[in-house]
Amino acid sequence: MLGALLILAGTSCEDKLDIPQKGVLDFSTYYKTDEQAQAAADALYIQLKGTYYNYTMMKNALSDDVWAGGGGRNDNAELEGCNEYSFGSDQSFIGGVWESYYQLIYKANVILGRVEPDTDLKKKACAEAKFFRAFAYFDLVSMWGDVPLVDHELDKSEYQLARSPKADIWALIERDLTEAINSGLLEEKKSVDDKTTWRVTKQLAQAILGKAYLWQEKFHEAAVVLNEVRASGKYKLYDGNYEDILTYKAEYNCESMLESNRIFDASNSMDEFSFFEVMNHWRTDKLDMSGSNNQFNGTGWGFMVPQKKLYDAFVQEEGVDGYRLNQTMKTYDQITQLGVKVAKGQSLINEGYFMWKRRFSNVESPAGFWCSYNNYRWMRYAEVLLLAAEANLKDGNQSEADACLNEVRQRARLDAKTATLDAIKLEKRLELCSEYTRYQDIIRWKDAEALLKDQGERTPILSNKAGKDEPDNVAVEYIQYNKDKTRYGFKERHYLLPIPAKEIRLNPNMEQNAGW
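Just so you know, these numbers come straight off a predicted model, no measurement behind them.

(A) Structural detail: the overall build of the protein. The number of helices and strands found in the protein is 19 helices and eleven strands. The C-alpha atoms of the protein give a radius of gyration of 26 Å, which matches the 24 Å a tight globule of 516 residues would have. With respect to the principal axes defined by its C-alpha atoms, the protein has extents near 105 × 60 × 45 Å. The burial tally for the protein puts 55% of its 516 residues in the buried class. If you take every contact in the protein between residues at least 6 apart in sequence, the share linking residues at least 24 apart comes to 70%. Side chains of the protein give 64 positive and 79 negative charges; the mean places of these two sets differ by 2 Å.

(B) Representation of the layout of surface pockets within the structure. Considering only enclosed or pocket space, the largest pocket measures out at about 590 Å³ in volume. Residue lining of the largest pocket: 20 residues in total, with Tyr102, Val150, Leu154, Tyr159 and Glu503 positioned closest to the centre. When residues of the lining of the largest pocket are traced back to their parent elements, those giving at least two are helix 5 (92-114) and helix 19 (501-506). The dominant element in the lining of the largest pocket, judged by the number of residues it contributes, is helix 5, at six residues. Empty space within the second largest pocket amounts to approximately 490 Å³. In this structure, the second largest pocket is lined by 19 residues; those nearest its centre are Trp215, Glu217, Ile443, Arg444 and Lys446. Those elements giving two or more residues to the lining of the second largest pocket turn out to be helix 6 (120-144), helix 7 (166-182), helix 8 (202-215), helix 14 (381-394), helix 16 (421-431) and helix 17 (438-444).

(C) Looking closely at unusual backbone geometry. We note that Glu217 has phi near 65 degrees; this positive angle belongs to a residue other than glycine. One can find Glu217 in the loop between helix 8 and helix 9 (219-231). At Ser434, a position not held by glycine, the phi torsion is positive, near 65 degrees. Relative to the helices and strands, Ser434 resides in the loop between helix 16 and helix 17. Overall, Ser434 belongs to the buried group, its relative accessible area being 2%.

(D) How the structure looks around the nonpolar core. Counting 112 residues, the largest nonpolar core has Tyr137, Trp144 and Ile173 as the members making the most contacts within it. It is helix 6 that provides the largest number of residues to this core, a total of 15 residues. If we skip the residues at most four places from it in the chain, Tyr137 touches Tyr102, Ile105, Val147, Pro148, Leu149, Val150, Ile169, Leu172 and Ile173.

(E) A look at the sheet that holds strand 7 (residues 347-349). In space, the three strands of this open sheet follow the order 7-10-11, with antiparallel pairing throughout. Two strands lie at the open edges of the sheet, namely strand 7 and strand 11 (474-479), each paired on one side alone. For this sheet the average axis-to-axis angle between neighbouring strands, irrespective of direction, equals 25 degrees. The sheet contact formed by strand 7 and strand 10 (residues 459-464) spans three bridges and is antiparallel. If you follow Ile349 over to strand 10, its bridge partner there is Ile461.

(F) Quick peek at a nonpolar patch on the surface. A cluster of nonpolar residues, Met270, Phe273 and Phe275, forms a patch on the protein surface that exposes about 280 Å² of accessible area. Judged by relative accessible area, Phe273 falls into the partly exposed class, the value being 38%.

(G) Structural context of the UniProt feature "domain: SusD-like N-terminal" (unreviewed entry) in the protein. Here the UniProt feature "domain: SusD-like N-terminal" (unreviewed entry) sits at residues 83-214. Between the first and last C-alpha atoms of residues 83-214 the distance is 26 Å; the span itself is 61% helix and 0% strand.

(H) Seen up close, the side chain of Arg409. Considering the arrangement of structural elements, one finds Arg409 in helix 15 (residues 398-411). By relative accessible area, which is 5% here, Arg409 ends up buried. When residues no more than four places from it in sequence are discounted, the contact partners of Arg409 are Glu317, Leu414, Asp415, Ala416, Lys417 and Glu427.

(I) Examining helix 9 more closely. Across its 13 residues, helix 9 extends 18 Å between first and last C-alpha, which sits within 8% of the 18 Å expected from 1.5 Å per residue. Those residues of helix 9 that sit buried are Phe219, Ala222, Ala223, Val225, Leu226, Val229 and Arg230. Along its buried surface, helix 9 packs onto helix 8, strand 2 (256-260), helix 14 and helix 15. Positive phi shows up at Gly233, right after helix 9, with a value of about 70 degrees.

(J) Seen up close, the pattern of salt bridges. Scanning the model with the defined rule gives 44 salt bridges in all. Linking Arg409 and Glu317 is a salt bridge whose minimum nitrogen-to-oxygen distance equals 2.8 Å. In this pair, Arg409 is assigned in helix 15 and Glu317 in helix 11 (residues 308-318), connecting sequence segments 92 residues apart. The burial state of Arg409 is the same as that of Glu317; both residues are buried. Among the charged side chains, a network of salt bridges with common partners joins Glu255, Glu317, Glu318, Arg324, Lys357, Arg380, Arg409, Arg411, Lys417, Glu427, Glu431 and Glu435.

(K) Geometry of the side chain of Lys330. Take Lys330: it is sitting in strand 5 (residues 329-331). Among buried Asp, Glu, Lys and Arg side chains, Lys330 stands out as unpaired, with Glu243 the closest opposite charge at 5.1 Å. There is a polar contact of 2.8 Å between the side chain of Lys330 and the backbone oxygen of Asn326. With near-sequence residues (within four places) excluded, Lys330 lies in contact with Ile335, Gly352, Tyr353, Phe354 and Trp356.

(L) View of the environment of Asp288. For Asp288, the position within the fold is in strand 3 (residues 287-288). Overall, Asp288 belongs to the partly exposed group, its relative accessible area being 25%. Residues Asp288 and Gln346, spaced 58 residues apart in sequence, show a C-alpha to C-alpha distance of 9.7 Å. Residues within four places of Asp288 in sequence aside, it is in contact with Gly339, Val340, Lys341, Val342 and Ala343. Side-chain polar atoms of Asp288 contact the side chain of Ser290, separated by 2.7 Å.

Cut-offs used in this document
Residues numbered from 1 in each chain as written. Predicted model: local features only at pLDDT ≥ 70, side-chain atom pairs only at ≥ 80, totals over all residues. Heavy atoms only, no water. Helix = DSSP H or I, 4+ residues; strand = E, 2+ residues; numbered from the N terminus. Rg over C-alpha atoms; globule rule 2.2 N^0.38 Å. Buried < 20%, exposed > 50% of the residue type's maximum accessible area, 1.4 Å probe, protein only. Contact = heavy atoms within 4.5 Å. Lys, Arg positive; Asp, Glu negative; His and termini not counted. Charge placed at Lys NZ, Arg CZ, Asp CG, Glu CD. 1 Å grid on protein atoms, 1.4 Å probe; cavity = no way out; pocket = protein on both sides within 12 Å on 5 of 7 lines; lining within 4 Å. Points joined across faces, edges and corners; volume = space filled by probe spheres on them. Core = buried A, V, L, I, M, F, W, Y, C linked by side-chain atoms within 4.5 Å. Pairing = 2+ DSSP bridges. Axes fitted to C-alpha atoms, helices over the stretch in contact; angles between N-to-C directions. Patch = residues over 30% accessible without salt bridge, like charges linked within 9 Å, V, L, I, M, F, W, Y side chains within 5 Å. Areas by Shrake-Rupley, 256 points an atom, 1.4 Å probe, with all protein chains shown as cover. Salt bridge = Lys/Arg side-chain N within 4 Å of Asp/Glu carboxyl O. UniProt positions renumbered as here; feature names shortened; annotations may be inferred. Expected span 1.5 Å × (residues − 1). Polar contact = N/O pair within 3.5 Å; in protein donor to acceptor, adjacent residues only side chain to side chain.

Here's what the structure looks like:
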């Protein structure tokens with residue numbers, strides 16, 4: 001009897017201690033309702049937004065558009081390594097971008113594996129997940145080649161996957177995007193000027209599918225789907241001041257295909273903390289900005305600065321007074337006319353050119369230099385037109401190629417010309433400079449080795465050597481920090497980025513790309 005009472009007492013106490021957890025979601029029973037599916041889909045947009053800094057800085061630094069920049073040599077050795085092609089497999093930007101893509105893929109796979117598509121909202125969440133998975137894999141396969149194909153949540157026994165052939169990755173990209181488009185549930189803008197539709201649209205998915213076809217040299221398929229985007233009437237080129245196209249003034253304009261939302265909230269300004277604006281803004285601690293009427297943000301670190309070769313390409317095509325040129329970048333003389341100059345005794349890595357379409361104003365950072373409410377831009381319609389120009393040209397449709405090319409040129413206030421591959425390459429460089437497309441283009445065109453073989457040999461230093469009471473003495477000099485030719489410049493192995501060293505160490509089934 002006593003034993004029974006003790007057992008009863010013990011059981012009673014255990015029951016009292018068995019308290020259900022509060023505020024904790026059960027992963028195995030989540031994703032059942034429309035609301036939960038919506039929250040999971042929203043997480044994809046948040047994840048994408050979080051990749052922007054590494055994504056943009058790495059791609060720009062690997063191009064021939066910009067110098068790594070900064071206040072001086074080794075100001076950011078990792079970006080210099082990308083820009084000069086002196087990096088190894090443990091480069092942090094490259095590793096960070098790789099990880100970001102697979103994090104996006106993981107979130108997409110969770111939705112596709114756990115959300116039962118039995119309502120329209122759940123089906124839409126699945127369609128968006130397929131878009132984002134394809135978006136991530138496009139960059140992975142185009143920059144790294146063969147990569148692990150992860151199309152479901154992995155069991156622990158699957159963590160050490162080998163790389164899959166590129167053909168399998170491209171097939172997944174095509175299937176995901178086609179199914180998302182054909183779902184009929186991706187959003188579409190209500191009109192060309194609709195600024196309320198910010199989620200992935202059918203036309204955006206078509207644009208990425210067309211891009212995937214083009215990269216595989218499936219020119220007819222690319223032309224068909226890109227022409228469908230054009231024919232939709234949902235997008236057109238922005239007709240405001242070109243200089244505002246990437247600023248807060250032109251958020252969700254008629255040309256914008258995809259943006260990440262950034263909203264100013266004075267009570268929680270750190271929600272929009274980002275190094276992006278200050279990294280890409282001019283090197284303000286080296287500048288005297290006292291004559292600028294306080295219109296520009298006073299904190300910038302001067303990275304990703306235009307190369308003279310880019311400026312010269314603009315001038316050759318547009319002339320020194322070119323409309324698009326002068327709304328894209330400014331020369332040092334033009335900057336001084338705006339009340340900004342190199343301070344006496346100061347120097348910075350710069351060739352005498354300042355990116356204007358990325359200028360960082362005080363208006364968009366009311367809570368402090370580290371925050372901005374200007375949306376992140378991922379793709380705009382001008383890129384779609386230039387992709388379509390190339391696809392139509394290669395598909396033998398000269399008139400459509402001409403129409404696409406000259407639509408962009410007309411906005412740039414340039415005369416029409418016949419579309420050739422060289423004309424399209426040039427137009428794309430000028431129109432989309434410093435917008436993360438150049439590197440992947442020159443890789444697939446096999447132009448990178450010729451264009452970048454000497455990048456890193458010399459570093460431009462813009463200096464004002466005047467003393468305190470002397471007149472300004474500003475000039476550019478080139479310093480050769482790298483003297484060993486084997487340690488800088490684009491080589492054959494750079495046509496594919498290295499698999500991050502961390503992945504090689506952790507996964508015995510992972511093989512490194514050739515030459516790394």
